[in-house]
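# Breakdown of the fold
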Amino acid sequence: MSQKSINAIKVLGVDAINKAKSGHPGIVMGAAPMGYALFNNHININSQKPYWINRDRFVLSAGHGSMLQYVLLHFAGYNDLSMEEIKNFRQWGSKTPGHPEYLHTKGVDATTGPLGQGISMAVGMALAERYLSEKYNKEKYEIFNHYTYVICGDGDIMEGVSSESASFAGTQKLEKLIVLYDSNNICLDGETKDAFVDNVRQRYESYGWNTILVEDGYDYKKIDKAIQKAKKSMKPTLIEVKTVIGAGSPNKQGKSSAHGSPIGEEETKLFKEKIHWEYKPFEIPEDVYNDFEEGVIKRGKEAYKKWLKTYNQYKEKYPILAKELEEVLSRKDIENLSIKSFNFKEYGESQATRNSSQDAINAISEVLPTFFGGSADLSHSNMTFINKDNLQNSENKLARNIQFGVREFAMATILNGLMLHGGVRVFGGTFFVFSDYLKPALRLSALQKLPVTYVFTHDSIAVGEDGPTHEPIEQLSMLRTLPNSYVFRPADAVETQASWYFSQKTNDKPTSIVLSRQKINILENSSFEKTLKGAYIVYENKEGFDTIIIATGSEVNLAVDSAKLLEKEGFKIRVISMPSVELFEEQSSEYKEYLLPKQIRRRISIEMASTAFWYKYVGLDGIAIGIDKFGSSAPANKVMEEYGFTVEKIVQKIKELK
């Protein structure tokens, strides 16, 4: 019966891909035995409770093989994956898009496809499980006790980010992370030997992993035993399963042509004859469904029922802890965070916004019980350390500071995995210029609607002596064009703390907070509440205005000082601080017109970064004062002077504007 069910996985996947005239049949045919062994013998999921917090997590890191996941979820009883949806593979509005999409299809625990990121997000999931089990489990009451499983391919293993995250996972000894490696020696362009000669298991062993080899990837019983063995390990485990891509296809198995295009009707006919499959396309015999009913479906229902009984008893015995947990899982804990949670600097004081951010992080950590994060080896420069805590590791599982190491990309993918798991709130920091390293993961934060907070410090040419390699220019424009995300560049301590408050109140978007290295004076009219509108007036002539200056970050102080000097010469200036363009764009048309009246066309933007973005607000009649070339190495004040960011030079440019 097991082999019949494995064949059903293969043929249903092949039929769907043929119908779509698009897809990746090779992994479906090659990895079906491992998919069957994992789902029908091990994984604890419940299609009726798809977001059950103690379910095992499954990540198809090789997301191009999405049909393998869809077929497995179909057999596991998920309503989103009906036969009709299988037939609608890769079609408009279907629940079966080309790559798995979190929140779009129930049963999909992560959006995958960009290779390497799936493994890395799984590391975050395993880290979340360990943290929450340590925090909330009690003797005889295991509320959190589950595994994170991954199926990946050669491409995932080749991607650098998987190496970064695997090294982190080994260091952290995340023993409930199990990766099934579909090792078929084929990639899109041909054989992997032309680009990839690593001994993968030795490499993972050097990372601190347990490794297992299954030489016959078509003996599902051996795969089953390997998973059983992996569950007993005190380390994360990589199970290398040797397979043949497109297995069973007489003319395409073992060839790269089986990777990314349908095998076609004629080849499908030969394939079905070879495995003695006599059913029509999309026709699955009842005994296959019965096999999965007795396996993954029955086991999942029983596991959930047992867990629910334990959880109800837990609530009776530990009501305060249970209440906190329920608030954490529903994100109602945020109701305990308010403006009163923060300590504010006074007007006239001076503080780098990275230090203001540190104050906010520590204030929030006092209120939100599962709030934690870290930095890519820069915590004492990014100021991302929770002062009352230590570093989290396998011996200190509840500490709330994570040392991600010099792994910006992996850090961001792990943060995504933590948020995908649920029950935690996380942040990660690096220098702003290195947002380039983690951009693909930040993009997946936005795509998956994950409220990760990114802390980017050293925000401009004011970095100074470190020079152009460390002075961001184009990064602000890049982040602002990313859909479904917020970017804050606060002007002082007040706006910084408001930015942090907003990031924690947001449930469906990542937030990037871009911060200064240099000290910035607290503005006289800075406002916590008005920051939450994205833009507001910080200075204005009492007699009215005919000129608007828009600025962000440290340049708001520069704009106000320039306005005061211009005022003495008869100019009438309104200065607007715009800490978040995205948030401002969400305001009413009336508010936007109030701030930026259409009839006032004399407009200037000031930002030590690329000017490209600002013409939307200053128009063709205004000027965007910024930087459209790389920075230079010198003391910060000298660099800013040479690039025109002094009161005198700003005033002169505004005077020249007609």
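See the structure printed just above.
Structural notes, computed from the coordinates. (Residues numbered from 1 in each chain as written. Predicted model: local features only at pLDDT ≥ 70, side-chain atom pairs only at ≥ 80, totals over all residues. Heavy atoms only, no water.)

### Considerations on the overall build of the protein chain
A tally of regular secondary structure across the protein chain gives 25 helices and 20 strands. By the compact-globule yardstick of 26 Å for 658 residues, the protein chain fits well, its C-alpha radius of gyration being 28 Å. Dimensions of the protein chain, computed from C-alpha atoms along their principal axes, come out at roughly 90 × 60 × 45 Å. Residue burial in the protein chain is summarised as follows: out of 658 residues, 64% are buried. Here the analysis covers contacts within the protein chain between residues at least 6 apart in sequence; of these, 77% occur between residues at least 24 apart. Of the roughly 25700 Å² of accessible surface on the protein chain, 48% is carried by carbon and sulfur atoms. Mean positive and mean negative side-chain charge positions of the protein chain (81 and 83 charges, respectively) differ by 3 Å. (Helix = DSSP H or I, 4+ residues; strand = E, 2+ residues; numbered from the N terminus. Rg over C-alpha atoms; globule rule 2.2 N^0.38 Å. Buried < 20%, exposed > 50% of the residue type's maximum accessible area, 1.4 Å probe, protein only. Contact = heavy atoms within 4.5 Å. Areas by Shrake-Rupley, 256 points an atom, 1.4 Å probe, with all protein chains shown as cover. Lys, Arg positive; Asp, Glu negative; His and termini not counted. Charge placed at Lys NZ, Arg CZ, Asp CG, Glu CD.)

### Describing the pairing of strand 14 (residues 511-514)
Of the two faces of strand 14, the one holding Thr-511 and Ile-513 and the one holding Ser-512 and Val-514 are both buried throughout. The sheet contact formed by strand 12 (residues 453-457) and strand 14 spans four bridges and is parallel. By the bridge assignment for strand 14, Phe-456 is matched with Val-514. Relative to strand 14, strand 13 (residues 486-488) runs parallel, the two being bridged by three bridges. Across the sheet, the residue bridging to Val-487 is Ser-512, located in strand 14. With respect to chirality, the unit in which strand 13 leads through helix 18 (residues 493-505) into the neighbouring parallel strand 14 is right-handed. (Pairing = 2+ DSSP bridges. Right-handed = clockwise from strand over helix to strand, strands pointing away.)

### Observations concerning the nonpolar core
One finds Leu-177, Trp-209 and Leu-418 to be the most contacted residues of the largest nonpolar core, which totals 76 residues. The dominant element in this core, judged by the number of residues it contributes, is helix 5 (residues 117-136), at eleven residues. Every residue in contact with Leu-177, bar those within four places of it in the chain, is listed here: Ala-122, Val-123, Ala-126, Thr-148, Val-150, Ala-169, Trp-209, Pro-236 and Thr-237. In this structure, Met-83, Ile-86, Trp-277 and Ile-284 belong to the second largest nonpolar core, which totals 62 residues. (Core = buried A, V, L, I, M, F, W, Y, C linked by side-chain atoms within 4.5 Å.)

### Focus: the sheet that holds strand 2 (residues 148-153)
If you walk across this open sheet you meet the five strands as 1-2-3-7-6, and the pairing is parallel. The two strands at the open ends of the sheet, each matched to only one other strand, are strand 1 (57-60) and strand 6 (210-214). If you compare each strand with its neighbour and ignore which way they point, the axes differ by 15 degrees on average. For strand 1 and strand 2, the ladder comprises four bridges, and the chain directions are parallel. Bridge pairing links Phe-58 to Tyr-149 in strand 2. (Axes fitted to C-alpha atoms, helices over the stretch in contact; angles between N-to-C directions.)

### With respect to helix 2 (residues 25-41)
In this model, helix 2 (17 residues) spans 24 Å end to end at C-alpha, consistent with the 24 Å of a helix rising 1.5 Å per residue. Roughly 60 degrees is the biggest bend found in helix 2, and it falls at Ala-31, with proline Pro-33 one to four residues downstream. Where burial is concerned, most of helix 2 is hidden: 16 out of the 17 residues are buried. (Expected span 1.5 Å × (residues − 1). Bend = angle between axes of the 7 residues up to and from the residue.)

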